[in-house]
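One-letter residues, chain by chain:
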Amino acid sequence: MTIIDAIRTRCESVLTDEPMHRHTSFKIGGAADILAFPKTTEELILLWKFCRENDVPITILGDGANVLVADDGIRGVVVFTNKMRGTEILQSEKIRAESGVRLAALAEKAAAAGLSGLEFSCGIPGTVGGAIYMNAGAYGHDISGLTESVTMFSNGEILIKSGEEMDFGYRKSLAQTCDALILDATFCLSRAEPEKIREVMADLNARRRKSQPLEFGSAGSFFKRPEGYFAGKLVEDSGLKGFRVNDAQVSEKHAGFVVNRGDATARDVLALMHHVQDTVYEKFGVRLEPEVRILGEKV
């Protein structure tokens, strides 16, 4: 049995030699050897175990946000969890969500139930799993402040880690340093009127539309915030707002974003990134680090 045949016995939805630019918010990236879309936790675990037991490279993604995929693509199996969309309202003002649930959908589900706390996440692209992995945040809040527990699969067993055990920090978590799958997470929220919650969400989304280059492909904020600084301001103060390498550009609206104006390649983005890093370091002595995950061949 070939690898693709084995994958198809474990997951119904599978593509081969599939261009990743069709599946990422940056709209950039060469082909993945195999692309799989599990719909259940069981399918996800079966894929993970097969790849680990047979030394097949495996990359887990949520919805294709916050990543830059190389022009030569990704070898092995790429798994998107965005078909795993189960949510459950629990007692004591809690909500549990599978790793593939989009943050915007989760925020709306919570709002409908009169549960407040996730409003900040309503405009963040991506999924629960990605939010846990990166400790996603916006407007002074991050996901760690709400996380009660995370269910993970590691070394053949299912583990439940408390929020404290997830070792959250700025754009980091335990999931980045351990060989484990994020299956679901439970969040502690608070009661509020649904109308009030939606007013906050509408305001945040309006602010986002006004300040961020949502009309172009991007991976969100490109650089991590250096301690004591704001990345976008450092880039702008370095005279780099609007700087381009072919169709990769530092956004003219918000210098913390790198956008794809149409036909940018990963090589263009990386060349732009290195120029920005070098220029900011020369001017301010601060080395910017990418927040975006850079994946694939020859990066």
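Please refer to the structure higher up on the page.
Let us look at the structure shown here. (Residues numbered from 1 in each chain as written. Predicted model: local features only at pLDDT ≥ 70, side-chain atom pairs only at ≥ 80, totals over all residues. Heavy atoms only, no water.)

1. Here we look at the sheet that holds strand S5 (residues 74–80)
Strand order in this open sheet of four strands is S1-S2-S5-S3, and the pairing throughout is mixed. Among the strands making up the open sheet, the edge pair consists of strand S1 (14–19) and strand S3 (58–61). Taking each pair of neighbouring strands and ignoring which way they run, the sheet shows an average axis angle of 30°. Two strands pair when backbone bridges link them, and S3 and S5 are joined in this way by four bridges, in the parallel orientation. (Pairing = 2+ DSSP bridges. Helix = DSSP H or I, 4+ residues; strand = E, 2+ residues; numbered from the N terminus. Axes fitted to C-alpha atoms, helices over the stretch in contact; angles between N-to-C directions.)

2. Considerations on the side chain of serine 173
In this structure, serine 173 sits in the loop between strand S12 (157–162) and strand S13 (181–188). By relative accessible area, which is 3% here, serine 173 ends up buried. (Buried < 20%, exposed > 50% of the residue type's maximum accessible area, 1.4 Å probe, protein only.)

3. Digging into the sheet that holds strand S7 (residues 94–98)
The five strands lie next to each other as S6-S7-S13-S11-S12, forming an open sheet whose pairing is antiparallel. The sheet is open, and its two borders are formed by strand S6 (87–90) and S12, each paired with just one other strand. Within this sheet the neighbouring strands show an average axis-to-axis angle of 15°, counted without direction. Of the strand pairs in this sheet, S6 and S7 are connected by four bridges, and their pairing is antiparallel. In the sheet register, isoleucine 89 faces S7, and the bridge partner there is isoleucine 95. Contacting S7, strand S11 (147–154), S12 and S13, helix H2 (residues 41–53) crosses the sheet at an angle of about 140° to S13. Helix H3 (residues 103–112) rests against S6, S7 and S13 of the sheet, and its axis sits at about 150° to S7. (Contact = heavy atoms within 4.5 Å.)

4. A closer look at helix H5 (residues 194–211)
With 18 residues, H5 ought to run about 26 Å at 1.5 Å a step, and its terminal C-alpha atoms sit 26 Å apart, in line with that. Of all the positions in H5, only Pro194, Ile197, Met201, Leu204 and Arg208 are classed as buried. Seen along its axis, H5 keeps its buried residues to an arc of 100°; they face one direction. Of the residues in H5, the exposed ones pointing more than 90 degrees away from the buried face are Glu195, Lys196, Glu199, Arg209 and Lys210. Each element contacted by the buried residues of H5 is listed here: H3, strand S8 (115–116) and strand S9 (137–138). (Expected span 1.5 Å × (residues − 1). Arc of directions from axis to C-beta.)

5. Here's the deal with unusual backbone geometry
Positive phi, close to 60°, is recorded for lysine 27, a residue that is not glycine. Within the secondary structure layout, lysine 27 lies in the loop between S1 and strand S2 (31–36). Judged by its relative accessible area of 54%, lysine 27 is exposed. One non-glycine residue, glutamate 93, lies in positive phi territory at about 60°. Following the sequence through the fold, glutamate 93 ends up in the loop between S6 and S7. Relative accessible area serves as the criterion here: at 29%, glutamate 93 is assigned to the partly exposed category.

6. Some details on the packing of aromatic side chains
The geometry of an aromatic ring pair is captured by two quantities: the separation of the ring centres and the angle between the planes. Within this structure, the stated rule accounts for two aromatic pairs. Between the aromatic rings of phenylalanine 37 and phenylalanine 80, the centroid separation amounts to 5.6 Å while the plane-to-plane angle is 15°, which identifies the pairing as stacked. Of this pair, phenylalanine 37 sits in the loop between S2 and H2 while phenylalanine 80 sits in strand S5, placing them 43 residues apart in sequence. Both rings, one in phenylalanine 222 and one in phenylalanine 223, keep their centres 5.0 Å apart while their planes meet at 70°; by these two values the pair is edge-to-face. Both residues of the pair, phenylalanine 222 and phenylalanine 223, count as buried. The ring of tryptophan 48 has arginine 52 sitting right over it, with the charged end atom 4.2 Å from the ring centre. (Phe/Tyr/Trp six-rings, centres within 6.5 Å; stacked < 30°, edge-to-face > 60°. Lys NZ or Arg CZ within 6 Å of the ring centre and 35° of its normal.)

7. Quick look at the nonpolar core
Judged by nonpolar contacts, the single largest core of 34 residues is most densely connected at Leu106, Leu118, Val128, Ile132, Met166, Phe187 and Leu189. Taken together, the elements giving at least two residues each to this core come down to S7, H3, helix H4 (128–134), S11, S13 and H5. The element contributing the most residues to this core is H3, with five residues. Once residues lying within four places of it in the same chain are set aside, the contact partners of phenylalanine 187 are Glu93, Lys94, Ile95, Leu106, Val128, Ile132, Ile143, Leu146, Thr147 and Glu148. Membership of the second largest hydrophobic core comes to 26 residues, among which are Val245, Ala255, Ala266 and Leu272. (Core = buried A, V, L, I, M, F, W, Y, C linked by side-chain atoms within 4.5 Å.)

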